[in-house]
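Architecture at a glance
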Amino acid sequence: MQIKTTVLTILIVVVITAGAVPSGSAQTNAALDRAKVLRAAGDALGMIRYSDIGAGATRLPAIDIVNTMEFVGSGTFYNGQTFKTDYHVALGYNPPAMRVETTLTGSGGGAPQHVISTVRENFAWNESEIGAGLVAGKGTATPATAALRDRLLELWTLPYGVVKAALAAGEKTIVGTENGSTVITFPLSGQLAGLTVKATLDAKNFITKVQVKTDNAALANLAFETEYSGYADHGEILTDIQSPGRIVIKQGGSTVQDIQIKAWEANNPYVVFPVPGNVKTAAGNSR
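The structure reproduced in this document is the subject of the present report. Computed from a predicted model, the values in this text were never measured in an experiment.

For the rest of this paragraph, the subject is the side chain of Thr85. Mapped onto the fold, Thr85 is located in strand 4 (residues 82–93). Residue Thr85 is classed as buried on the basis of its relative accessible area, which comes to 0%. For Thr85, the side chain forms a polar contact with the main-chain nitrogen of Phe77, separated by 3.4 Å. Thr85 has contacts with Gly73, Ser74, Gly75, Thr76, Phe77, Thr102, Thr103 and Leu104, leaving out every residue within four places of it along the chain.

The next thing to look at is the environment of Leu104. Tracing the sequence through the fold places Leu104 in strand 5 (residues 96–106). When its relative accessible area of 10% is taken as the criterion, Leu104 is described as buried. As for Leu104 and Thr82, which are separated by 22 residues in sequence, their C-alpha atoms are 9.3 Å apart. Excluding residues that lie within four positions of it along the chain, Leu104 makes contacts with Phe77, Phe83, Lys84, Thr85, Pro112, Gln113 and Val115.

On to the nonpolar core, then. By size, the foremost hydrophobic cluster in this structure holds 57 residues, and its most contacted members are Leu91, Tyr160 and Phe186. Apart from residues no more than four positions distant in its own chain, Phe186 is found in contact with Val162, Ala165, Ala166, Ala169, Lys172, Thr173, Thr196 and Val197. Formed by 5 residues, the second largest nonpolar core is a distinct cluster that contains Trp125, Ala141, Val275 and Val279.

On to the pattern of salt bridges. A pair can form between side chains of opposite charge whenever their charged atoms are brought close. Enumeration over the complete set of coordinates arrives at 9 salt bridges. Across the pair Asp86 and Lys84 runs a salt bridge whose closest N-O atoms are separated by 3.5 Å. For Glu178, the salt bridge identified is with Lys198, shortest N-O distance 3.0 Å. Within this pair, whereas Glu178 is found in strand 9 (residues 174–178), its partner Lys198 is found in strand 11 (residues 195–201), the two being separated by 20 residues in sequence.

Next up on the list: the packing of aromatic side chains. Applying the stated criterion to the full structure yields 5 aromatic pairs. Ring centres of Phe77 and Phe83 lie 6.2 Å apart, and the angle between their planes is 40°; this geometry places the pair in the tilted category. Clustering of aromatic rings is evident, with ring pairs tying together Phe71, Tyr160 and Trp264.

Now for the pairing of strand 4. Sheet analysis places strand 3 (residues 68–78) next to strand 4, joined by 11 bridges and oriented antiparallel. Directly across from Gly75, in strand 4, lies its bridge partner Thr85. Hairpin connection from strand 3 to strand 4: 3 residues lie between these consecutive antiparallel strands, with Gly80 at a positive phi of about 85°. Hairpin connection, strand 4 to strand 5: the antiparallel pair is bridged by 2 residues.

Here we come to the environment of Leu158. Relative to the elements of secondary structure, Leu158 occurs in the loop between helix 3 (148–156) and helix 4 (159–168). Of the residues examined, Leu158 reaches a relative accessible area of 4% and is grouped as buried. For the pair formed by Leu158 and Ser243, sequence separation is 85 residues and the distance between their alpha carbons is 9.7 Å. Not counting residues within four places of it along the chain, the set of residues in contact with Leu158 comprises Leu91, Tyr93, Met98, Tyr228 and Trp264.

Turning next to the environment of Gly245. Here Gly245 lies in the loop between strand 13 (224–229) and strand 14 (246–251). Expressed as a C-alpha distance, the spacing of Gly245 and Gly73, which sit 172 residues apart in the sequence, is 9.0 Å. Setting aside its immediate chain neighbours within four residues, Gly245 contacts Ser229, Gly230, Tyr231, His234, Ile259, Gln260 and Ile261.

The rules we used
- Residues numbered from 1 in each chain as written.
- Predicted model: local features only at pLDDT ≥ 70, side-chain atom pairs only at ≥ 80, totals over all residues.
- Heavy atoms only, no water.
- Helix = DSSP H or I, 4+ residues; strand = E, 2+ residues; numbered from the N terminus.
- Buried < 20%, exposed > 50% of the residue type's maximum accessible area, 1.4 Å probe, protein only.
- Polar contact = N/O pair within 3.5 Å; in protein donor to acceptor, adjacent residues only side chain to side chain.
- Contact = heavy atoms within 4.5 Å.
- Core = buried A, V, L, I, M, F, W, Y, C linked by side-chain atoms within 4.5 Å.
- Salt bridge = Lys/Arg side-chain N within 4 Å of Asp/Glu carboxyl O.
- Phe/Tyr/Trp six-rings, centres within 6.5 Å; stacked < 30°, edge-to-face > 60°.
- Pairing = 2+ DSSP bridges.

Here it is, written out as structure tokens:
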């Protein structure tokens, strides 16, 4: 799934502009509702910034400022047994990429397991160390093509990814209410085609629940639910970008991960995700 920042900027401008167009039909009203909700969700997260040039009512376009982020947290991972888990996550949306560095310590003791899982656009791989496989003799990069969809979903089901993907889905995005809460429903595309996301907003327009569903039995293992809570500015440098303080992931009704966020850096940290040569040429990988 490839969504470029420039496209998103245009989409945000279109959404904001649409909110000022007089309604003329039921279809137009529906579009206005969608525009209003998506703008509110982006504003709640602090994703969208506005400016003017200091001359009357002249305004520059609204800009989506979330491009790269980095966060750390700890918690529990459940997989038949319970693991104490430490997380260090780096991510970006232009291009779409994510690196999750995880250290798992089993409840029964034993040596901790250290895993670095990386994805960028159509490529997924594991690293023995950060940057492995890019320089001869520096670590090993192992293609992980089968994990591509799972890892892309982690990126696009974060609150910021939900807003970006819902904007990119355009008129396919549907806004409604369930049990008194606003919900946003839209299909994913590209590598994630066949999956549908439903996001639930609270009274402050924060995304508190994200559900991934599918009617395709072959993709059933990708269906899951994530709950977000404790929104605040968790950055060392405060930027007014709001991030969740707790992330709970469930599958089949059971919790598989419960993460408490320690810090979430949104001040455009420098993170890069170059694809190792052997990953590009691995069977099943393609541009």
